[in-house]
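# Structural overview
The chain contents come next:
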Amino acid sequence: MVDWVSVLPLETLRQQGRALVRVGGREVALFWVEGIIHALEDACPHAGASLAFSTLEGHWVRCQAHGLRFDVRTGQMAGGKGLCARRFDVRERAGLVEVAFRLG
Ligand code: FES
């Protein structure tokens, strides 16, 4: 079962380009790229560094710790197979960003 959790106004994400929120006890990094919202767990799959505060280059986020790059659309590491950041479903409803949190 999925529970949609409102986390912040869409306008705030539009203005900031990124945000760090907490959903169901997990830190989630939100990105606004080319008019689309993306959500990744804020823990790099390599060694856990924050992705929310890493460098955003188009739809790629470059981890601040060791420089690996992840596609914010899929969570996949650059170069095909390899590490994958956990992705969350996300949507906009009534001007708010909502993140899907799976129960159970
Ligand atoms: S912790 Fe992200 S690349 Fe190492």
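Preceding this section is the structure that the text describes.
Report follows, based on the coordinates. What you see is a predicted model; the values in this text were computed from it and never measured.

### With respect to the pairing of strand β2 (residues 18–23)
The two faces of β2 differ: Ala-19, Val-21 and Val-23 on one face are buried, but Arg-18, Leu-20 and Arg-22 on the other face are not. Where β2 and strand β3 (residues 26–33) come together, 6 bridges link them in antiparallel fashion. Bridging from a neighbouring strand, Leu-20 pairs with Ala-29 of β3. Where β2 folds back on β3, the antiparallel hairpin that results is connected by 2 residues, among which Gly-24 adopts a positive phi of roughly 55°.

### A few points about the side chain of Asp-71
The topology assignment puts Asp-71 in strand β7 (residues 69–71). Each residue touching Asp-71, except ones within four places of it in the same chain, is listed here: Leu-40, His-59, Trp-60 and Gln-76.

### Brief notes about the packing of aromatic side chains
On inspection of all chains with the given rule, the structure shows 0 aromatic pairs. Sitting over the ring of Trp-60, Arg-69 keeps its end group 4.7 Å from the ring centre. A cation over a ring is seen here: Arg-91 above Trp-4, with NZ or CZ 4.0 Å from the ring centre.

What counts, and at which threshold
- Residues numbered from 1 in each chain as written.
- Predicted model: local features only at pLDDT ≥ 70, side-chain atom pairs only at ≥ 80, totals over all residues.
- Heavy atoms only, no water.
- Buried < 20%, exposed > 50% of the residue type's maximum accessible area, 1.4 Å probe, protein only.
- Helix = DSSP H or I, 4+ residues; strand = E, 2+ residues; numbered from the N terminus.
- Pairing = 2+ DSSP bridges.
- Contact = heavy atoms within 4.5 Å.
- Phe/Tyr/Trp six-rings, centres within 6.5 Å; stacked < 30°, edge-to-face > 60°.
- Lys NZ or Arg CZ within 6 Å of the ring centre and 35° of its normal.

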